[in-house]
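Okay, here's what each chain looks like letter by letter:
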Amino acid sequence: MKFRPCIDLHNGKVKQIVGESLGTEGKAVIENFVSSYDSTYYAEMFKQDRLTGGHVIMLGGGNKEEAVAALQAYSGGLQIGGGITAENATEYLEHGASHVVVTSYIFRDGQLHQDHLHKIVSEVGKNRLVIDLSCKEKDGKWFVATNQWKQLSDFEVNEQSIRYLEQFCDEFLIHAVDVEGKQSGIQQSLVSSLAQWVTIPTTYAGGARSFADIELFQGLSQSKLDITIGSALDIFGGKLSYKEVVTYMNELATRK
């Protein structure tokens, strides 16, 4: 189990926001934190702490310059997502991204678009692709949420569908939509299920707020999953010490 850092960009600034508030008509985006530092500050911090496999996510337009700056500051150490397509993916890899992260490009209008999936795999290769599955619960099952999490797709996330998608990607990034950005605790049933289903590196994001949550996550995931923590960290305005999290996770790795 590793700690995977994140840099979320919105309107050219590093922010932590409640994901479900994105694109909500007539309502402002709910911002948990807006940083006074640019993206390279965080990229260099993660590089210094030797954290690998983190991700930069561009939430809407106006973020490319900051995203590229972060990738160049920590070449090979960060993944890039948000508006990634088969047409622009190679450019971000050339700027230093280790992988590209796709979600809306392959999930559109409530469905998985096989043609887009095959196209981006053909462009960048399976070993440079991360599939982002934004999971929302309905009737005790998990479905991919699309269109800035406003539309529930017909794609159920289960062992069979996970196994199918594993043919096309190197990793999964899983967002727990119902708790992401809310610091309300991890989505326990999703974590437990993912630990049973996945056979490739998988990072979970959503709700982690304390060391108790991290320990719970470790148990539920059987240490098979990695975790991203955002809004709860002190570097993003929260109360949880980033340095203590890094130290704790390093000690976990050392014990093994």
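Residues numbered from 1 in each chain as written. Predicted model: local features only at pLDDT ≥ 70, side-chain atom pairs only at ≥ 80, totals over all residues. Heavy atoms only, no water.

Chemist: Help me understand the overall build of the protein chain, please; the structure alone is not making it clear to me.
Modeler: When helices and strands are counted, the protein chain shows 8 helices and 15 strands. Whereas a compact globule of 256 residues would reach a radius of gyration of roughly 18 Å, the protein chain reaches 17 Å, a difference of no more than 12%. Principal axes of the C-alpha set define a box for the protein chain whose edges measure 45 × 40 × 40 Å. Looking at the protein chain alone, contacts between residues at least 24 apart form 65% of all its contacts between residues at least 6 apart. Of the accessible surface of the protein chain, which amounts to about 11,100 Å², a share of 45% is contributed by carbon and sulfur atoms. Mean positive and mean negative side-chain charge positions of the protein chain (24 and 32 charges, respectively) differ by 2 Å. (Helix = DSSP H or I, 4+ residues; strand = E, 2+ residues; numbered from the N terminus. Rg over C-alpha atoms; globule rule 2.2 N^0.38 Å. Contact = heavy atoms within 4.5 Å. Areas by Shrake-Rupley, 256 points an atom, 1.4 Å probe, with all protein chains shown as cover. Lys, Arg positive; Asp, Glu negative; His and termini not counted. Charge placed at Lys NZ, Arg CZ, Asp CG, Glu CD.)

Chemist: Can you walk me through the pattern of salt bridges in this structure?
Modeler: Should their charged atoms come close, side chains of opposite charge can pair. Counting across every chain of the model gives 10 salt bridges. Its salt-bridge partner being lysine 119, residue glutamate 87 comes within 2.8 Å of it at the nearest N-O pair. Of this pair, glutamate 87 sits in the loop between β6 (78–81) and α3 (89–94) while lysine 119 sits in helix α4 (residues 114–124), and the two are 32 residues apart along the sequence. Arginine 163 is paired through a salt bridge with glutamate 166; the nearest N and O atoms lie 3.4 Å apart. Take arginine 163: its relative accessible area is 33%, and that puts it in the partly exposed class. Linked by salt bridges that have partners in common, Arg4, Glu171 and Asp226 make up one network. (Salt bridge = Lys/Arg side-chain N within 4 Å of Asp/Glu carboxyl O. Buried < 20%, exposed > 50% of the residue type's maximum accessible area, 1.4 Å probe, protein only.)

Chemist: Explain the packing of helix α7 (residues 211–221) against helix α8 (residues 242–255) to me, please; I cannot follow it from the model alone.
Modeler: Geometry of a packed helix pair, given as the angle between the helix axes and the separation of the axes. Across the interface, α7 lies against α8 with an axial gap of 12 Å and an inter-helix angle of 30°. Accordingly, the angle class assigned to the pair α7 and α8 is roughly parallel. Crossing of α7 over α8 shows right-handed handedness. The segment α7 lies against α8, with Phe211, Ile214, Glu215 and Gln218 engaging Glu244, Val245, Tyr248, Met249 and Leu252. A class-by-class count of the residues in the contact of α7 with α8 yields 6 nonpolar, 1 polar and 2 charged. (Axes fitted to C-alpha atoms, helices over the stretch in contact; angles between N-to-C directions. Parallel < 35°, antiparallel > 145°, perpendicular 65-115°, else oblique. Left-handed = near helix turned anticlockwise from the far one by under 90°. Nonpolar A, V, L, I, M, F, W, Y, C, P; charged D, E, K, R; others polar.)

Chemist: I would appreciate a short explanation of the pairing of strand β13 (residues 171–176) in the present structure.
Modeler: Residues in a regular strand point their side chains to alternate faces of the sheet. Of all 6 residues in β13, 6 are buried, a share of seventy percent or more. Residues Glu171, Leu173 and His175 point to one face of β13 and Phe172, Ile174 and Ala176 to the other, with burial holding for every one of them. Where strand β10 (residues 129–138) and β13 come together, 6 bridges link them in parallel fashion. Within β13, the residue paired with aspartate 132 across the bridge is leucine 173. Judged from the 4 bridges that link them, β13 and strand β14 (residues 202–205) form a sheet pairing that is parallel. Along β14, the bridge assignment pairs histidine 175 with alanine 205. (Pairing = 2+ DSSP bridges.)

Chemist: What am I meant to see in helix α2 (residues 64–73) here?
Modeler: The periodicity of an α-helix, 3.6 residues per turn, causes residues three or four places apart in sequence to face the same way. Every buried residue of α2 is accounted for by Glu66, Ala67, Val68, Ala70, Leu71 and Ala73. For α2, the secondary structure elements touched by its buried residues are β2 (6–10), α1 (39–48), β5 (54–58), β6 and α3.

Chemist: Could you clarify how one ought to interpret the packing of aromatic side chains in this entry?
Modeler: Pairs of aromatic rings are described using the distance from one ring centre to the other and the angle between the two planes. According to the stated counting rule, one finds 10 aromatic pairs in the structure shown. For the pair phenylalanine 33 and phenylalanine 236, a centre-to-centre distance of 6.2 Å together with 65° between the ring planes defines the contact as edge-to-face. Taken together, the positions of phenylalanine 33 in strand β4 (residues 31–34) and phenylalanine 236 in the loop between β15 (226–228) and α8 put the pair 203 residues apart, joining distant regions of the chain. The residues phenylalanine 33 and phenylalanine 236 share a single accessibility class, namely buried. Every member of this aromatic cluster is reached through a ring pair, and the members are Phe33, Tyr37, Tyr41, Tyr42 and Phe236. (Phe/Tyr/Trp six-rings, centres within 6.5 Å; stacked < 30°, edge-to-face > 60°.)

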